[in-house]
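# Per-entry structural report
Here are the chains, one letter per residue:
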Amino acid sequence: MLTVSDVRVGAPVHLAPLSSVAIAGQGYRTRPFRYWTKATGKCHLQVIERPEEKASAMTKIDRIDTIIIDVPTVRGHVLSMTTMLTQSVVLVRIRFSDGSMGWGEGASIGGLSYGPESVESVKLAIDAYIAPGLLGMDADGIATASAHMEKAVKGNPIARAAVECALWDGLGRRTGLSVAQLFGGRIHDRLSVAWTLASGNSQTDADEAVQMLDTRRHRDFKLKIGKRSVKQDIAHVAAIAQAVGDRGTIRVDVNQAWSLTEARYGARGLQEIGCILIEQPVARDKLAALKSLTDGYEIAIMADEVLQGPADAMRVAANRSADVFAVKVCQSGGLKPTSDVIAIARAAGIDLYGGTMLESGLGTAAAIQLFATVPDWQFGTEMFGPLLLKDEILATPLEYKDFSVTVPTGPGFGVSLDDDKVNFYRRDRPMTVSAIAGQ
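Residues numbered from 1 in each chain as written. Predicted model: local features only at pLDDT ≥ 70, side-chain atom pairs only at ≥ 80, totals over all residues. Heavy atoms only, no water.

Before going further, it helps to examine the overall build of the chain. Across its full length, the chain carries 16 helices and 17 strands. Residues classed as buried in the chain amount to 52% of the 439 residues present. Taking the intrachain contacts of the chain between residues at least 6 apart in sequence as the baseline, contacts between residues at least 24 apart amount to 70%. For the chain, the exposed surface amounts to about 19100 Å²; the carbon and sulfur share of it is 52%. (Helix = DSSP H or I, 4+ residues; strand = E, 2+ residues; numbered from the N terminus. Buried < 20%, exposed > 50% of the residue type's maximum accessible area, 1.4 Å probe, protein only. Contact = heavy atoms within 4.5 Å. Areas by Shrake-Rupley, 256 points an atom, 1.4 Å probe, with all protein chains shown as cover.)

Below, the structure is given as structure tokens:
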């Protein structure tokens, strides 16, 4: 039996072959310092850590902060249920015990008019239910933290995604690896990016599409429809399709606005004018109707709002109720659940489309880090969120050119926030004297 005086941490220990060495009543893990020495008949071991030192060295979650920011859009973004003039997102900042930090984002489209979560509910869920249970946990144990979040809150995928993304960003920053590397390594340096035409005016949208083509910013266009009659919507899409011609592609997003009868009429008309895809034409709970459209028409039918994570993905894939999955990080509950949704789609032979919840540059960077690791995006991506905002909150904006976006290469998500811009747009910012006087 050795005592503390017989060995030092990091020093070689000469004894008969053993898997561990007992020192002063505590177990010290060892490893071979050299191979077995035949001349002396001894095995050379080296003490590599004490249990108490390992525990104290663990990086822990120290603090979780949430910030709501409201950034104006470059134009009205017309959806079937609302018109957006501002995009609001929740920024999550996690501070760790070693001084490192990670950022995540939770975004919804149109607030509660779109789905069951809003930025206000996301912030509340994190502050009151998620954060208290995560404090003090192992910062690198993202799977454990995610499992805890699933028990702490039911549903709330956007809230869980925002925190989970911040944990991945923190892990990447600590290890010096990009999140793409943490998920197996990127396959793509750039991802194609579609643009959404949603002014509601046919001529305005047509002119915008031509401008995007001429400047080589976008060549794939998604039209937001469903607010008018099906006949009017088809005429609107036809006008823009004619302006785009063979220079680009046209797809539409109905945001659940049609009945099955309307969707059948719409699918036939859109198919005839050359539209290549219809996104979530019927309500998310009408899975049989979605399958009926998928089976009945050549035009691709894409599932979106029905996909709230891997379990929903499996349910849709089980009887092939859609041709394409709109994959969204916030909607799926985080990066790891999103990778599971992607795996389910690929295994089922369902095509992929990289969707957006109109995240800022931060959330967009998080998504494209993961998307860059996927071999094929048959219908491309729509990671244009930052381009819809009047101002940029990143210190260095994402690079958009040649119909695509560049995947950042730095550690974590590869981006950093502009603190001044975040403070300017944060909802709880202190009002200045001049602002108060102007009320």
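So much for the structure itself; the text now carries on.
Structurally, the position occupied by Glu-305 is in the loop between strand 13 (300–303) and helix 10 (310–318). Spatially, the C-alpha atom of Glu-305 lies 5.8 Å from that of Arg-284, the residues being 21 residues apart in sequence. For Glu-305, the contacting residues outside a window of four places in its chain are Tyr-114, Asn-255, Gln-256, Gln-280, Arg-284 and Gln-331. There is a polar contact of 2.9 Å between the side chain of Glu-305 and the side chain of Asn-255. (Polar contact = N/O pair within 3.5 Å; in protein donor to acceptor, adjacent residues only side chain to side chain.)

Spatially, 9-10-11-12-13-14-15 is the arrangement adopted by the seven strands of the open sheet, whose pairing is parallel. The open sheet has two edge strands, strand 9 (195–197) and strand 15 (351–354), and neither has a second partner. Sheet twist, expressed as the mean angle between neighbouring strand axes with direction ignored, is 30°. Bridging between strand 11 (residues 249–253) and strand 12 (residues 277–279) involves two bridges; their strand directions are parallel. The residue of strand 12 that forms the bridge with Val-252 is Ile-278. Contacting strand 9 and strand 10 (220–224), helix 6 (residues 202–214) crosses the sheet at an angle of about 160° to strand 9. Sitting on the sheet, helix 12 (residues 335–348) is in contact with strand 14 (324–327) and strand 15, with an inclination near 170° to strand 14. (Pairing = 2+ DSSP bridges. Axes fitted to C-alpha atoms, helices over the stretch in contact; angles between N-to-C directions.)

Right, let's talk about the sheet that holds strand 7 (residues 101–107) for a bit. Taken in spatial order, the three strands make up an open sheet running 5-6-7, and their pairing is antiparallel. Whereas interior strands pair on both sides, the edge strands pair on one side only; in this sheet they are strand 5 (61–78) and strand 7. Shown here is a sheet whose adjacent strand axes are inclined to one another by a mean of 20°, direction ignored. Two elements, strand 5 and strand 6 (residues 83–96), share 13 bridges in a ladder whose sense is antiparallel. In the sheet register, Asp-70 faces strand 6, and the bridge partner there is Ser-88.

A word on the packing of helix 4 (residues 157–175) against helix 12. Where helix 4 meets helix 12, the closest approach of the two axes is 8 Å, and the angle between their N-to-C directions is 100°. When the interaxial angle is binned, helix 4 and helix 12 end up roughly perpendicular. On helix 12, the residues touching Glu-164, Cys-165 and Trp-168 of helix 4 are Leu-335, Lys-336 and Pro-337. Considered class by class, the residues forming the contact of helix 4 with helix 12 number four nonpolar, no polar and two charged. (Parallel < 35°, antiparallel > 145°, perpendicular 65-115°, else oblique. Nonpolar A, V, L, I, M, F, W, Y, C, P; charged D, E, K, R; others polar.)

Moving on, we come to empty space enclosed by the protein. Over the atoms rolls a probe the size of a water molecule, and its path tells where empty space is left. For the structure shown, the criterion picks out two cavities of 30 Å³ or more. Its volume calculated, the largest cavity comes out at about 70 Å³. Taken together, 14 residues make up the lining of the largest cavity; nearest its centre are Ile-109, Lys-222, Lys-224, Thr-356 and Glu-382. Residue classes in the lining of the largest cavity are distributed as four nonpolar, four polar and six charged. The volume enclosed by the second largest cavity comes to roughly 50 Å³. Around the second largest cavity, the lining residues are Glu-105, Cys-165, Val-329, Cys-330, Glu-359, Gly-363 and Ala-366. Here the residues of the lining of the second largest cavity are counted per class, giving four nonpolar, one polar and two charged. (1 Å grid on protein atoms, 1.4 Å probe; cavity = no way out; pocket = protein on both sides within 12 Å on 5 of 7 lines; lining within 4 Å. Points joined across faces, edges and corners; volume = space filled by probe spheres on them.)

Keep in mind these numbers describe shape, not what the thing actually does.
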